[in-house]
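Take a look at the letters that make up each chain.
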Amino acid sequence: MERNPMRRQLASLRKSLFDQGYLDEQFMELEQLQDDANPNFVEEVVTLYYRDSARLILNLDHALERRPLDFSKLDGLMHQFKGSSSSIGAKKVKAESTLFREYCKYGNAEGCMRTFQQLKKEYATLRKKLETYFQLARQIGPMESANRPK
Amino acid sequence: MAPTLPSGDQASDQDNWDNGRLAHKRQLLTEIVLRNRLTALVVGGDTTCRVLEQLLLRSYGVQTQGVDNGRDAIALIASGVKFNLIIIDMILSVLNGLEATRQIRDMGVHCKMLGVTACSGESERQAFLAAGVDVFIEKPLDPEHLVPILRELDGQ
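All values reported here derive from a predicted model rather than from experimental measurement.

## Here we look at the nonpolar core
Then, number 1: Counting 61 residues, the largest nonpolar core has Phe-27, Phe-81 and Phe-100 of chain A together with Leu-57, Leu-85 and Leu-150 of chain B as its most contacted members.
Then, number 2: Judged by nonpolar contacts, the second largest core, of 23 residues, contains Val-43, Leu-95, Ala-100 and Ala-131 of chain B.

In structure tokens form, the structure reads like this:
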């Protein structure tokens, strides 16, 4: 029986991220690479992702302002963004990226713009949820070390 | 093997399934011990993907270098550095993955090349294979695809 309420809360939060479709099993692969030598590895990778992908989001925003739309360029940018998002297991973000690329393929400007707005929402929502998750994980981390049997 | 989720929670069927799959993947992750010193080059324009691919390779003991564009990959190989494995992204700056792959093969490099891309459409797959990669996979690179390749390179 899990006695630590914070640990229970963390587990519940983690489970909800998968159950609600925000994350897929790639996130578990990242967790596999985390160990005592790299205790904050997952958070560091996610931070890297948000820092790295911010540039792509900005470029996509600018590209979507141009008229006429360059669907080939948009597709290329989103291709990169999708790859990056899939590497951290960002399931909903990845789904919107795929949809966006479909709209690019058919030259559907309205579809691209609508999907991009939804993508940005999912991207921001995931960021908030992961920030909460990592904040709680960091609080638990030092407690676990203190309580570990010597 | 310790479960990933705390034992205090009532394990649902989904949790058991997740734990089972995770255990299987962990087995894949830990069951390879390389007998030989392998080296790999990761050519990836996206920092997050490149960092993760390098870390995954290093977790298996593969000595890994990374570059973020095709031109630097060509230059590194032209300088005489040898690799057992090259993992190359389709989308690269300066020189794209397809052209970089062709040039690497034209240089007489015969090592295993693994092409990675965010989307695994048939046309992309065919193009990458035609350019010279041996294996084509959709991102993200995972142990299920990587471990068999490492076993093959290690002669296991």
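## Quick notes on the confidence of the model for chain B
Then, number 1: Looking at chain B as a whole, the pLDDT averages 84, with 79% of positions reaching at least 70.
Then, number 2: Across the whole predicted complex the pTM is 0.82, and at the interface the ipTM reaches 0.82.

## Considerations on the UniProt feature "modified residue: 4-aspartylphosphate" (unreviewed entry) in chain B
Residues and elements named next belong to chain B.
Then, number 1: What UniProt calls "modified residue: 4-aspartylphosphate" (unreviewed entry) maps, in this numbering, to Asp-89.
Then, number 2: Mapped onto the fold, Asp-89 is located in strand S3 (residues 85-89).
Then, number 3: The buried category is assigned to Asp-89, whose relative accessible area is 4%.
Then, number 4: When residues no more than four places from it in sequence are discounted, the contact partners of Asp-89 are Val-43, Gly-44, Gly-45, Gly-97, Val-116, Thr-117, Phe-128 and Lys-139.

## A look at the sheet that holds strand S5 (residues 135-138) of chain B
All names here are of chain B.
Then, number 1: Reading across from one edge, S2-S1-S3-S4-S5 is the order of the 5 strands in this open sheet, with parallel pairing throughout. Of all the strands in the sheet, just strand S2 (63-67) and S5 have a single pairing partner and so form its edges. Neighbouring strand axes in the sheet, compared pairwise and without regard to direction, differ in orientation by 20° on average.
Then, number 2: Direction of pairing for strand S1 (residues 39-43) relative to S2: parallel, over a ladder of 5 bridges. Bridging from a neighbouring strand, Val-43 pairs with Val-67 of S2.
Then, number 3: Helix H2 (residues 47-59) rests against S1, S2, S3 and strand S4 (112-117) of the sheet, and its axis sits at about 170° to S2.

## Looking at the packing of helix H3 (residues 41-63) of chain A against H2 of chain B
Then, number 1: One can describe the packing of H3 of chain A onto H2 of chain B by two numbers: an axis separation of 8 Å at closest approach and a directional angle of 150°. Taken together, H3 of chain A and H2 of chain B sit at an angle that is classed as roughly antiparallel. Contact residues: Phe-41, Val-45, Leu-48, Tyr-49 and Asp-52 of chain A in H3 of chain A; Thr-47, Thr-48, Val-51, Leu-52 and Leu-55 of chain B in H2 of chain B.
Then, number 2: Residue classes in the contact of H3 of chain A with H2 of chain B are distributed as 7 nonpolar, 2 polar and 1 charged.

## Quick look at unusual backbone geometry
Then, number 1: Each neighbour pair has its own omega, and for Arg-67 of chain A with Pro-68 of chain A the value is 0°, a cis peptide bond.
Then, number 2: Counting through the fold element by element, Pro-68 of chain A comes out in the loop between H3 and helix H4 (71-87).
Then, number 3: Of note, the amide linkage connecting Lys-139 of chain B to Pro-140 of chain B takes the cis form, showing an omega dihedral of 0°.
Then, number 4: Although it is not a glycine, Val-94 of chain B adopts a positive phi angle of roughly 70°.
Then, number 5: Taking relative accessible area as the criterion, Val-94 of chain B reaches 56% and is therefore assigned exposed.

Thresholds applied
Residues numbered from 1 in each chain as written. Chains lettered and ligands numbered in written order. Predicted model: local features only at pLDDT ≥ 70, side-chain atom pairs only at ≥ 80, totals over all residues. Heavy atoms only, no water. Core = buried A, V, L, I, M, F, W, Y, C linked by side-chain atoms within 4.5 Å. Buried < 20%, exposed > 50% of the residue type's maximum accessible area, 1.4 Å probe, protein only. pLDDT = per-residue confidence, 0-100. UniProt positions renumbered as here; feature names shortened; annotations may be inferred. Helix = DSSP H or I, 4+ residues; strand = E, 2+ residues; numbered from the N terminus. Contact = heavy atoms within 4.5 Å. Pairing = 2+ DSSP bridges. Axes fitted to C-alpha atoms, helices over the stretch in contact; angles between N-to-C directions. Parallel < 35°, antiparallel > 145°, perpendicular 65-115°, else oblique. Nonpolar A, V, L, I, M, F, W, Y, C, P; charged D, E, K, R; others polar.

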